[in-house]
Amino acid sequence: MTLPSSPRIRCTRRLEFDAAHRVMEHESKCRHLHGHRYVIEASFEAAELDALDRVIDFGVIKERLGAWIDEHWDHATILNVRDRALGDAIAAQTAQRIYYIEGNPTAEKMAEYLFTAICPRLFAEAGVRCTKLRLYETPNCYADIQ
Ligand SMILES: [Zn+2]
């Protein structure tokens, strides 16, 4: 007989932002600079619930991850590090913020970046861990990492 694994409580906060990106060498129209209303669903777990019976206060997720998004990605252009010529051209003409990531800024790579590089840094001392992150590029298309 196998026992079911113990239940785990995970809390999730939804955050939204607007950004431009393009997928270098895309076979179709996604190689052109365009924008999305992105949606993040970031889920967290803790070893135990806090004194008020929460994994983490939803407001703290917004204060930390939401603030990072506001500062770096909201109304920015997110580009592949190899796309510097485009980023430089945009920056020369506008006050647009350019944010470079390794690889193409697909939903998959953006989710991976938040999950591996940003969330651990933002939540380490809060005693919680981001255990799943979903990034919607459109209402119908998203990438998950966990
Ligand atoms: Zn796109």
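Residues numbered from 1 in each chain as written. Predicted model: local features only at pLDDT ≥ 70, side-chain atom pairs only at ≥ 80, totals over all residues.

For the rest of this paragraph, the subject is unusual backbone geometry. Here Glu 25, not a glycine, exhibits a phi torsion of approximately 65 degrees, which is positive. Examined against the element boundaries, Glu 25 turns out to sit in the loop between strand S1 (11–21) and strand S2 (34–46). Using a count of 10 C-beta atoms within 10 Å as the deciding quantity, one classes Glu 25 as exposed. The phi torsion at His 75 lies on the positive side, around 55 degrees, for a residue other than glycine. (Helix = DSSP H or I, 4+ residues; strand = E, 2+ residues; numbered from the N terminus. Buried ≥ 20, exposed ≤ 12 C-beta atoms within 10 Å, placed from the backbone.)

Within the secondary structure layout, Tyr 142 lies in strand S6 (residues 141–145). The partly exposed category is assigned to Tyr 142, around which 17 C-beta atoms lie within 10 Å. With residues near it in sequence (within four places) discarded, Tyr 142 still touches Ala 107, Arg 134, Leu 135, Tyr 136 and Glu 137. (Contact = placed C-beta atoms within 7 Å.)

With that settled, consider helix H3 (residues 107–123). Where H3 bends most, at Phe 115, the angle is about 35 degrees. When H3 is considered as a whole, its buried residues turn out to be Lys 109, Met 110, Ala 111, Tyr 113, Leu 114, Phe 115, Cys 119 and Phe 123. Next to the buried residues of H3 lie S2, helix H1 (58–72), strand S3 (76–80), strand S4 (98–101), strand S5 (128–138) and S6. (Bend = angle between axes of the 7 residues up to and from the residue.)

Relative to each other, H1 and H3 sit at 140 degrees, their axes nearing to 10 Å. Here H1 is positioned oblique relative to H3, judged by the angle of their axes. Crossing of H1 against H3: the hand is right-handed. Residue-level inspection shows Arg 64, Leu 65 and Trp 68 of H1 in contact with H3, the latter providing Ile 118, Cys 119, Leu 122 and Phe 123. Taken together, the residues that form the contact of H1 with H3 break down as 6 nonpolar, no polar and 1 charged. (Axes fitted to C-alpha atoms, helices over the stretch in contact; angles between N-to-C directions. Parallel < 35°, antiparallel > 145°, perpendicular 65-115°, else oblique. Left-handed = near helix turned anticlockwise from the far one by under 90°. Nonpolar A, V, L, I, M, F, W, Y, C, P; charged D, E, K, R; others polar.)

Once that is clear, we can look at the pairing of S1. Relative to S2, S1 runs antiparallel, the two sharing 11 bridges. Each residue of the ladder has a partner; that of Arg 13, found in S2, is Ala 42. As paired elements, S1 and S3 share 3 bridges and run parallel to each other. Looking across to S3, one finds that Ala 20 is bridged to Thr 77. (Pairing = 2+ DSSP bridges.)

If you look at the biggest cluster of nonpolar residues, it comprises 24 residues, and the most contacted ones within it are Ala 42, Phe 44, Leu 114, Cys 119, Cys 130 and Leu 133. For this core, the element with the highest residue contribution is H3, accounting for 7 residues. Setting aside its immediate chain neighbours within four residues, Ala 42 contacts Thr 12, Arg 13, Leu 15, Ile 61, Leu 65, Cys 119, Cys 130 and Leu 133. (Core = buried A, V, L, I, M, F, W, Y, C linked by C-beta atoms within 7 Å.)

This part covers the sheet that holds S4. Strand order in the open sheet made by the 6 strands is S4-S3-S1-S2-S5-S6, with mixed pairing throughout. The open sheet has two free edges, formed respectively by S4 and S6, since each of these has just one partner strand. When the angles between neighbouring strand axes are averaged without regard to direction, this sheet yields 35 degrees. Where S3 and S4 come together, 4 bridges link them in parallel fashion. Looking at the pairing, Asn 80 lines up with Ile 101 of S4.

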